[in-house]
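In case you want the letters, here they are:
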Amino acid sequence: AILSIWCKSCGFGESFYGIWVKDRSNTNTVFKMEEPMEEQSVDETSVKQPQNSEGDPKPAERKKLPSLLRPVVMGAISTEEYEMQYWPKLENAIVQLLTQTPGDYIPISYEQMYSCVYKCVCQQHSERMYNDLMSLVIGHLQRVSQELKNSPPDAYVERFNFAMTQYMQALGGIAPIFNYMNRFYVSSKLNTDLKEELQKLFTLHVADQHISTLFPMLQEAQNRPFAVSPPTMANIIKTLHSLKPDLAPQYPDLFARFIPNVLPQVSADDLPRIVEETRRWQQELLEREGFARGETSRKRSGDELQTKPTPLSFMPKNSC
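Residues numbered from 1 in each chain as written. Predicted model: local features only at pLDDT ≥ 70, side-chain atom pairs only at ≥ 80, totals over all residues. Heavy atoms only, no water.

Turning our eyes to something else, we now look at helix H8 (residues 194-222). Its 29 residues give H8 an end-to-end C-alpha distance of only 36 Å, which falls more than 12% under 42 Å, the value for a rise of 1.5 Å per residue. Residue Ile 211 marks the point of greatest curvature in H8, where the axis turns by about 60°. The N-cap of H8, judged by a side-chain oxygen 3.1 Å from the amide nitrogen of Lys 195 a few residues on, is Asp 193. (Helix = DSSP H or I, 4+ residues; strand = E, 2+ residues; numbered from the N terminus. Expected span 1.5 Å × (residues − 1). Bend = angle between axes of the 7 residues up to and from the residue. Polar contact = N/O pair within 3.5 Å; in protein donor to acceptor, adjacent residues only side chain to side chain.)

Before going further, it helps to examine the confidence of the model for the protein chain. Reading fine detail from the predicted coordinates is not recommended where pLDDT is low. Confidence along the protein chain averages 77 in pLDDT terms, with 66% of residues attaining 70 or more. Note that residues 11-48 has pLDDT below 50 and, in this model, 34 contacts with residues that lie over four places away or in other chains. (pLDDT = per-residue confidence, 0-100. Contact = heavy atoms within 4.5 Å.)

In this section: the nonpolar core. In terms of nonpolar packing, the biggest core is built from 62 residues, with Met 129, Leu 133, Phe 178, Met 181 and Phe 215 touching the most fellow members. Secondary structure elements with two or more residues in this core: helix H3 (79-99), helix H4 (110-122), helix H5 (126-149), helix H6 (153-177), helix H7 (179-189), H8, helix H9 (230-243) and helix H10 (252-256). With 11 residues, H8 is the single largest residue contributor to this core. Residue contacts for Leu 133: discarding those within four places in its chain leaves Trp 87, Ile 94, Ile 174, Phe 178, Met 181 and Leu 194. (Core = buried A, V, L, I, M, F, W, Y, C linked by side-chain atoms within 4.5 Å. Buried < 20%, exposed > 50% of the residue type's maximum accessible area, 1.4 Å probe, protein only.)

With that out of the way, let us pick up the pattern of salt bridges. With the rule as written, the count across this model stands at six salt bridges. Put simply, Glu 83 and Arg 128 hold a salt bridge, and the shortest N to O gap is 2.9 Å. Within this pair, whereas Glu 83 is found in helix H3, its partner Arg 128 is found in helix H5, the two being separated by 45 residues in sequence. Judged by its relative accessible area of 37%, Glu 83 falls in the partly exposed class. Residue classification places Arg 128 among the partly exposed residues on the basis of a relative accessible area of 33%. Note that Glu 276 is salt-bridged to Arg 279, the shortest N-O span being 2.6 Å. Within this pair, Glu 276 and its partner Arg 279 are both found in helix H11 (residues 271-289), separated by three residues, close to a single helical turn. Residue classification places Arg 279 among the partly exposed positions, given a relative accessible area of 45%. (Salt bridge = Lys/Arg side-chain N within 4 Å of Asp/Glu carboxyl O.)

All right, on to the packing of H6 against H9 then. At a minimum axis distance of 10 Å, the contact between H6 and H9 shows a crossing angle of 50°. In terms of orientation, H6 and H9 fall into the oblique class. Relative to H9, H6 is oriented so that their crossing is left-handed. Along its contact with H6, which presents Val 157, Glu 158, Phe 160, Asn 161, Met 164, Thr 165 and Met 168, the element H9 presents Thr 232, Asn 235, Ile 236, Thr 239, Leu 240 and Leu 243. Along the lines of polarity and charge, the residues of the contact of H6 with H9 split into seven nonpolar, five polar and one charged. (Axes fitted to C-alpha atoms, helices over the stretch in contact; angles between N-to-C directions. Parallel < 35°, antiparallel > 145°, perpendicular 65-115°, else oblique. Left-handed = near helix turned anticlockwise from the far one by under 90°. Nonpolar A, V, L, I, M, F, W, Y, C, P; charged D, E, K, R; others polar.)

In structure tokens form, the structure reads like this:
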């Protein structure tokens, strides 16, 4: 008892056990300390659990783990359950994101969608879910491309900008929902990124199908002030440059207005050519707008104002 109190007061706890040894030839008390032992609970030391024939505790009488340490048992998701229960929820959320107006935000439970993706990935439905996602997005982009082809010329540029902005905003919601699939299937097995693959789909099914129609309109619009609003023009050029950088060498003058360092570096030998191009552009602008250079003075002869001498206010009025 004295040893137990001493161990507690010194901070050793009950994991150390000592033996008091008293030498008959010497009245001094000797304290002998054994090796520290692992801390044992009351159940392990005082209660002997029943065992089976192999010496293991019976399953019904094993000590229960805390709730936080218990393994999570997830039921298997069959193909039918995936098709009827999980994928329809994800499909509905994706369609809403793809069709929402730019600037608007639809209330979607990202927690619920992420949970669906997590369960499907854990139950080996990653490949099926990835293919379903790609098929759904491709079908949407094909419909968008067909609608752009049927658009009138005066609304074509604005509608293309709307469709591109709408899709890029949708990617900001689709990528987080499928983040778990991206980490454990797309990145690890396909060696790519989900958002990059979705951007490639827009380039393949929309941008490449309309470049031959879109850029002649943009080049014509830059010669007519405000034929296309500057924010629309800037958004189209910057987004297409991020999706397809090889377009810049094909249309350098158009991209150079919004993307820095697109044109090659200028040397001293190029200065005469640049001066001549600047003079030609200025002349074309004057002729197109109906201006003419010449006498810019609109005053008639003799209308010049005659300057009057300013009196000196600091001199007295009656001074001679």
